[in-house]
Each structure stands twice: as C-alpha cells, then as structure tokens.
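A closer look at the structure
What follows is the residue order along each chain.
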Amino acid sequence: GIRIGDRHAMTLVRLQVLEGFTPVTAEVRARFGRLTHEQLESIVRSRRSIKAALDLVLQLLDIARAEVGQLQVQHEPTDIGGIAEEIVEEFRPAAAAKRLSIALDTPEAGSDSTREPLVVQSDPARVRQVLANLVSNAVKYTQPDGRIVVTAGVASNGNRPTHEKWAAITVS
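Described in the following lines is the structure provided in the data block. (Residues numbered from 1 in each chain as written. Predicted model: local features only at pLDDT ≥ 70, side-chain atom pairs only at ≥ 80, totals over all residues. Heavy atoms only, no water.)

Core analysis: the largest hydrophobic core is formed by 20 residues, its most contacted members being Ile87, Phe91, Ile102, Val135 and Val139. Counting residues per element, the ones that place at least two in this core are α4 (80-97), α5 (124-141) and β4 (147-156). Non-local contacts of Val139, meaning those with residues more than four positions away in its chain, are made with Phe91, Ala94, Ala95, Lys98, Leu100 and Ile148. (Core = buried A, V, L, I, M, F, W, Y, C linked by side-chain atoms within 4.5 Å. Buried < 20%, exposed > 50% of the residue type's maximum accessible area, 1.4 Å probe, protein only. Helix = DSSP H or I, 4+ residues; strand = E, 2+ residues; numbered from the N terminus. Contact = heavy atoms within 4.5 Å.)

The structure is reproduced here in structure tokens:
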C-alpha cells in the first residue's frame, strides 16, 4: 500500500531549514559585514515564507494520510486555552498589519499565573492546526479596522454518563 512519510522526519526537516538561517546569517555577516535593516527584514520575510510553505506541505501530507487511512491522531491532555493564546499571539502581527484587533476570550481570563488550564483529551497538533487555519482565514478575510475574537472553553458532554469534556472554540 501507499505509505506517507513520517511526520517526525518532516518536523526535523522543518527545524533544520528554519534554524539553518542562523548559520547563514552569521556567515553573511562574517563575509559582508553588518546587515542593514532592510536585509534583516528580508531574512525575516524569507523565514516566514519558508515556514508557511513547510506548513502547507505538512498539511498536504496530512490530507494524503487521511485519504489512505494512515492519519494518526493522538489522545492526550491538551490545554486548548494555552493553544488558543499561542495562536492569537502568533497571528497578532499579521492582524496588526491589516489594522485588525485580535483578542482571546476564555472563561478564566486573567494573568498567566492565575489561568486554569482548559484541558480536554485531544490531539494538540490537530487542535493547533485547525485553530491556526481558522484564525489565518479570519485575518485574511476580515475587513481592515475589524475585530477578531478567539473564544476557548470547555463544554461537558451534556447528560451522558461519560462526563467527557469537549473543546469549545470559536473564531469570530
């Protein structure tokens, strides 16, 4: 059957490519002297573009794995509030560039030291992937001067006897 490459190998490639910019930057500095602000900005943009391309490749590999029944989903304690907070911070610069405000709304909004984790059994990589996609789309399609709110919470499984907790995440 078809075997799609190991996600860990792709993650290693991703880290090597992204971290590989540090020696390249050092080498350029050693050879040509101090970099200008414009050159450093170009390196930052290049890193961002390469990261986006690698993320796209990983997403396409995940789709291919899902289509052939090889997508592995983890089931582990996952702090969805923490992931939502990280995603909001990750997209804050892109939102600001479009004059958008972006905010996180959680039931226990407060300082990091007082925030109770919003933990559910889930796959943190998949939660991150889906939420990043939703927030990316919100940034892309919200009109300038608009507002994006990411809400994260935990919902119970209703009256069922399992007492499972479910992630409740919205992007509006």
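Attention now goes to the pairing of β4. As a general feature of sheets, a regular strand has side chains that alternate between the two faces. Of the strand pairs in this sheet, strand β2 (residues 101-105) and β4 are connected by 5 bridges, and their pairing is parallel. The residue bridging Leu104 from the neighbouring strand is Val150, located in β4. Pairing between β4 and strand β5 (residues 165-171): 7 bridges, direction antiparallel. Looking at β5, one finds that Ala155 is bridged to Trp166. (Pairing = 2+ DSSP bridges.)

For the rest of this paragraph, the subject is the packing of α4 against α5. Contact pair α4 / α5: the axes reach a minimum separation of 10 Å and the direction vectors enclose 35°. The two elements α4 and α5 cross, and the hand of that crossing is right-handed. Along the contact surface, α4 presents Ile80, Ile83, Ala84, Glu86, Ile87, Phe91, Ala94 and Ala95, while α5 presents Pro124, Val127, Arg128, Leu131, Ala132, Val135, Ser136 and Val139. (Axes fitted to C-alpha atoms, helices over the stretch in contact; angles between N-to-C directions. Left-handed = near helix turned anticlockwise from the far one by under 90°.)

We now examine the sheet that holds β4. Across the sheet, which stays open at both edges, the 3 strands sit in the order β2-β4-β5 with mixed pairing between neighbours. Of all strands in the sheet, those bounded by a partner on one side alone are β2 and β5. Shown here is a sheet whose adjacent strand axes are inclined to one another by a mean of 15°, direction ignored. Contacts between α4 and the sheet are confined to β2, β4 and β5, with β2 contributing the most and set at about 175° to the helix. Against the sheet, α5 engages β2, β4 and β5, with an angle of about 20° to β5.

With that settled, the discussion passes to the pattern of salt bridges. Inspection of the entire model under this criterion finds 6 salt bridges. Between Glu89 and Arg92 there is a salt bridge, with its nearest N and O atoms 2.8 Å apart. Placement of both Glu89 and Arg92 in helix α4 is noted, with a separation of 3 residues, approximately one turn of the helix. Across the pair Asp123 and Arg126 runs a salt bridge whose closest N-O atoms are separated by 4.0 Å. (Salt bridge = Lys/Arg side-chain N within 4 Å of Asp/Glu carboxyl O.)

What follows covers α4. With 18 residues, α4 should cover 26 Å at 1.5 Å per step; its first-to-last C-alpha distance of 26 Å lies within 8% of that length. A maximum bend of about 40° is found in α4 at Phe91, where proline Pro93 lies one to four positions downstream. Of all the residues in α4, the buried ones are Ile80, Gly81, Gly82, Ile83, Ala84, Ile87, Val88, Phe91 and Ala95. The inward-facing, buried residues of α4 contact β1 (76-79), β2, β3 (119-122), α5, β4 and β5. Where α4 begins, one side-chain oxygen reaches toward the backbone nitrogen of Gly81, 3.2 Å away; that side chain belongs to Asp79. Positive backbone phi, at 60°, marks Arg99, one or two positions downstream of α4. (Expected span 1.5 Å × (residues − 1). Bend = angle between axes of the 7 residues up to and from the residue. Polar contact = N/O pair within 3.5 Å; in protein donor to acceptor, adjacent residues only side chain to side chain.)

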